[in-house]
Amino acid sequence: MGLASCGLFDCPSLPQAGVDALAGLGDAALGMFFLNGQKIRNALHISGGANQCSADYKGGQAAGFIGGFATGAGELELLNVSLASEAQLAQVVAGEGLPILGAGTGTALGDAARLEAEYGGSAADWAKVTSESYTGSSGLQFEIHAFQNAIIDAVVEAKTVITKW
Amino acid sequence: MKVKCLSDRAENIRYRITVAKEYVVLGISHSVGNEVTHLWIKDDPGNYFVPTPCDLFEIVDPKVSSYWIVKIDSDKILISAREFLEPLFLDGLTNLDDKCVEVFRRISSKLEDEAKPLKF
């Protein structure tokens, strides 16, 4: 599964329906903290992503809202996921992500030339970075990946990557 | 080749490694321009490897892998399994592309088996 097909949530072998449902759930969770997931995505220049018109997205959003009013372990997990996701995003946006490819790692970043053309800076200064990894009580594990150029102080195309499902 | 994490500095958290834990080195990258050497270490979550500065480790088994080859890419010297050095493989792996993840699991398993001590 490629990035373009998943957008905000990228995960191994997860169908688009699941992505849409997760995105709806995530946006609903963010809404509980008076944040707007779409605004965050726009601010970070995130293109593509979940289909907000799909039944799965709306179903996930509904589940998120219902979960917000419900009590029990599900609500706690949702809260923990939301808090972890916000902390991960803050870490990456602050330029404190861990370089995993490109500048600062001795490896080549395939997207470097495209990033230079789209956002500026030098291709050699672009790196892919990751936030810390979060593992929930349900076993769900995710982290946020983004492209960073420390020289021009840019962090773009952040997305949540689900590493264990 | 195996290394042990020496550092108990804050970088451990950032690099997702644990002090005193031993790691199989899956590759080495050296940037000639920056004179920095990174060891490719499967981080504690274990989903892919992270190039980690070599000064955080000591070598506990210096034997290099028989699967490794050398590649020079611009100002970088890369040493690892042929599959890991394919163009765009690392991009695909960090994107968790299904095919790259399968190759990563298969090859890193071979490297880890090779690094196990022989039993008589």
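Residues numbered from 1 in each chain as written. Chains lettered and ligands numbered in written order. Predicted model: local features only at pLDDT ≥ 70, side-chain atom pairs only at ≥ 80, totals over all residues.

**Remarks on the overall build of chain B**
Then step 1. On a plain count of helices and strands, chain B comes out with three helices and seven strands.
Then step 2. Each helix (α) and strand (β) of chain B, taken in turn from the N terminus, gives the series β-α-β-β-β-β-β-β-α-α.
Then step 3. Taken over C-alpha atoms, the radius of gyration comes to 14 Å for chain B, in line with the 14 Å a tight globule of 120 residues would show.
Then step 4. Principal axes of the C-alpha set define a box for chain B whose edges measure 40 × 35 × 25 Å.
Then step 5. The contacts in chain B between residues at least 6 apart in sequence include a share of 51% that link residues at least 24 apart. (Helix = DSSP H or I, 4+ residues; strand = E, 2+ residues; numbered from the N terminus. Rg over C-alpha atoms; globule rule 2.2 N^0.38 Å. Contact = placed C-beta atoms within 7 Å.)

**Side note on the overall build of chain A**
Then step 1. When helices and strands are tallied, chain A shows six helices and six strands.
Then step 2. Element order for chain A, N to C, with α for helix and β for strand: α-β-α-α-α-α-β-α-β-β-β-β.
Then step 3. Expressed as a percentage of the 165 residues in chain A, the buried residues total 44%.
Then step 4. Intrachain contacts of chain A at a sequence separation of at least 6 include 62% that bridge at least 24 residues. (Buried ≥ 20, exposed ≤ 12 C-beta atoms within 10 Å, placed from the backbone.)

**Regarding the interface of chain A and chain B**
Then step 1. With 21 residues of chain A in contact, the opposing surface of chain B contributes 23 residues.
Then step 2. Elements with a contribution of two residues or more to the side of chain A that touches chain B: strand 2 (98–102), strand 5 (141–149) and strand 6 (154–164) of chain A.
Then step 3. Element by element, the count of residues in the side of chain A that touches chain B is highest for strand 2 of chain A, at three residues.
Then step 4. For the side of chain A that touches chain B, the class distribution of residues is eight nonpolar, 10 polar and three charged. (Nonpolar A, V, L, I, M, F, W, Y, C, P; charged D, E, K, R; others polar.)

**Points about the environment of Ile 72 of chain B**
Residues and elements named next belong to chain B.
Then step 1. Summarising the element assignment, Ile 72 is placed in strand 6 (residues 68–73).
Then step 2. For Ile 72, a count of 9 C-beta atoms within 10 Å gives the class exposed.
Then step 3. Considering only alpha carbons, one finds Ile 72 and His 30, 42 residues apart in sequence, at a separation of 9.7 Å.

**So, the nonpolar core**
Then step 1. By size, the foremost hydrophobic cluster in this structure holds 42 residues, and its most contacted members are Val 25 and Ile 41 of chain B.
Then step 2. The dominant element in this core, judged by the number of residues it contributes, is strand 2 (residues 22–31) of chain B, at five residues.
Then step 3. Here Ile 41 of chain B is in contact with Ile 17, Tyr 23, Val 25, Phe 49, Val 50 and Thr 52 of chain B, once residues within four sequence places are set aside.
Then step 4. Judged by nonpolar contacts, the second largest core, of seven residues, contains Leu 78, Ala 84 and Tyr 134 of chain A together with Leu 96 of chain B. (Core = buried A, V, L, I, M, F, W, Y, C linked by C-beta atoms within 7 Å.)

**Observations concerning the confidence of the model for chain B**
Then step 1. Model confidence for chain B is summarised by a mean pLDDT of 90, while 94% of its residues fall at 70 or above.
Then step 2. Listed scores for the predicted complex are pTM 0.73 and ipTM 0.87. (pLDDT = per-residue confidence, 0-100.)

**Focus on unusual backbone geometry**
Residue and element names in this part refer to chain B.
Then step 1. The backbone phi angle of Ala 20 is positive, close to 75°, even though this residue is not glycine.
Then step 2. If you trace the backbone, Ala 20 turns up in the loop between helix 1 (11–15) and strand 2.
Then step 3. Within the chain, Leu 96 stands out as a residue other than glycine whose phi angle is a positive 60°.
Then step 4. Positionally, Leu 96 belongs in the loop between helix 2 (89–94) and helix 3 (98–115).

**Points about helix 3 of chain B**
Then step 1. A rise of 1.5 Å per residue sets the reference length of helix 3 of chain B, with its 18 residues, at 26 Å; its end C-alpha atoms lie 26 Å apart and thus fit the reference within 8%.
Then step 2. Residues of helix 3 of chain B that are buried sit in contact with strand 2, strand 3 (36–42), strand 7 (76–81) and helix 2 of chain B. (Expected span 1.5 Å × (residues − 1).)

**Quick look at the pairing of strand 3 of chain B**
A regular strand carries its side chains on alternate faces of the sheet.
Residue and element names in this part refer to chain B.
Then step 1. Most of strand 3 is tucked away: five of the seven residues are buried.
Then step 2. Relative to strand 3, strand 2 runs antiparallel, the two being bridged by six bridges. Each bridged residue has a counterpart across the sheet, and for Gly 27 the counterpart in strand 3 is Trp 40.
Then step 3. Hairpin remark: strand 2 followed by strand 3, antiparallel, with four residues in the connecting loop; positive phi at Glu 35, about 50°.
Then step 4. Between strand 3 and strand 4 (residues 49–53), which follow one another and run antiparallel, lie six residues, and Gly 46 among them has a positive phi close to 80°. (Pairing = 2+ DSSP bridges.)

**Description of the environment of Gln 88 of chain A**
All names here are of chain A.
Then step 1. Take Gln 88: it is sitting in helix 5 (residues 73–93).
Then step 2. A C-alpha to C-alpha distance of 26 Å links Gln 88 and Ser 122, two positions 34 residues apart in sequence.
Then step 3. If near-sequence neighbours (up to four positions away) are discounted, Gln 88 is found in contact with Ser 131, Glu 132, Tyr 134, Glu 143 and Ile 144.

**Observations regarding the environment of His 145 of chain A**
Then step 1. Positionally, His 145 of chain A belongs in strand 5.
Then step 2. Each C-alpha atom, one on His 145 of chain A and one on Gln 88 of chain A, is 9.3 Å from the other, the two residues being 57 residues apart in sequence.
Then step 3. Setting aside anything within four residues of it in sequence, one finds His 145 of chain A in contact with Lys 128, Thr 130, Lys 159 and Val 161 of chain A together with Thr 94 of chain B.

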